[in-house]
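Each chain, letter by letter, is given below.
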Amino acid sequence: MKAVIFDLDGVITDTAELHYQAWKNLADSLKIHFDYKLNEELKGIGRMDSLNRILNFGGKTDQYTEIEKIALTEQKNTEYVALLDQLSPKSIYPGIKEFLDTLRNQNLKIGLASASKNGPKILELLEITDYFDTIVDPVSVKMGKPAPDIFLKAAEQLEVHSSKCIGIEDSEAGIHSIKTAGMFAIGVGTEKVMKAAGADLVICDTKNLHWDQIINTVNHQYS
Ligand code: G6P
Ligand code: MG
């Protein structure tokens, strides 16, 4: 293995609650019910796709023009970005910093494959930008997760064949993206959900990300 490619939201830090608050306020203003169940379904899903799912859920798909929808996503994002200011290095999930140090010591390349256009800003707030050899601009890929595009783009930018990459994700869409990109997939979450999505290795908590265990599982699988 030559590279590890990370998702951001839900793997490196918990931004799901902040997305929830911003989407909830927007949905309330549009008189659409929004709850944690729907928020869960938006994990890994890009901004406009997320809005379309919310409008669809509220039966209002046809009520807004494309220009109005862009304005709605901007409204949500302005609120979300203001909420991001509460992030600091303390917001990094347990074990992630140590894991990044280990990857570096093992001379592995490190990439970010997040659907979030706020990815670079979040890495800066967490003060871990320097660990990343590459960050994929989600605007540069044609299809969002579950399509493989963003993980393939990360591998291309790192100049590593996808079969030599490990992807780490917390969303079902993200695991599908990693697997269709031909990579080894680590799922952060519950065994049942992550296995069903196709994860090769499941960890319930980021503090359980141990390189030795990962590489043993990889070797076992490919032997
Ligand atoms: C991640 C999150 C999604 C979010 C998407 C776009 O994939 O899991 O919930 O919608 O990024 O984020 P952005 O910051 O660009 O709105
Ligand atoms: Mg995620």
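Along each chain, the written sequence defines residue order, and numbers are assigned to residues from 1. Going through the entries in the order they are written, you letter the chains from A and number the ligands from 1. A pLDDT threshold of at least 70 governs which residues receive local features in this predicted model, and a stricter bar of 80 or more applies before side-chain atom pairs are shown or counted, although totals over entire chains, interfaces and linings include all residues.

Under the annotation held in an unreviewed UniProt entry, the protein carries the name Beta-phosphoglucomutase and is attributed to Oceanobacillus jeddahense. What the UniProt record of the protein gives under Sequence similarities (unreviewed entry) is the line "Belongs to the HAD-like hydrolase superfamily. CbbY/CbbZ/Gph/YieH family." UniProt positions are given in the numbering used here, feature names are shortened, and annotations may be inferred rather than shown by experiment. UniProt annotates the protein under Catalytic activity (unreviewed entry) with the comment "beta-D-glucose 1-phosphate = beta-D-glucose 6-phosphate".

Undergrad: Can you help me understand the site of ligand 1 in this one?
TA: Around ligand 1 there are 15 residues in total, and Asp-9, Ala-115, Ser-116, Lys-117 and Asn-118 lie nearest to it. Side-chain classes are defined by residue name, with Ala, Val, Leu, Ile, Met, Phe, Trp, Tyr, Cys and Pro counting as nonpolar, Asp, Glu, Lys and Arg as charged, and the others, Gly among them, as polar. When grouped by side-chain class, the residues that make up the shell around ligand 1 number three nonpolar, eight polar and four charged. What fixes the domain bounds is an automatic or database domain assignment. When residues of the shell around ligand 1 are sorted by domain, at least three fall in each of domain 1 (3-14 + 89-222) and domain 2 (16-84). A molecule or strand has a residue near it when that residue's C-beta atom, placed from backbone coordinates, lies within 6 Å of it.

Undergrad: Would you take a moment to explain the pairing of strand S4 (residues 165-169) for this structure?
TA: Consecutive side chains of a regular strand alternate in pointing toward one face of the sheet and then the other. Three exposure classes are used. Buried residues have 20 or more other C-beta atoms within 10 Å of their own C-beta, exposed residues have 12 or fewer, and partly exposed residues fall in between, all C-beta atoms being placed from the backbone. Helix and strand labels come from DSSP, where a helix needs a run of H or I of at least four residues and a strand needs a run of E of at least two; each type is numbered from the N terminus. Burial analysis of S4 places five of its five residues in the buried class, which makes it a mostly covered element. On S4, burial covers both faces: Cys-165, Gly-167 and Glu-169 on one face and Ile-166 and Ile-168 on the other are all buried. DSSP calls a pair of strands paired once it identifies at least 2 bridges connecting them. Relative to S4, strand S1 (residues 3-6) is paired through four bridges, and the arrangement is parallel. Among the inter-strand pairings, Phe-6 is bridged to a residue of S4, identified as Ile-168.

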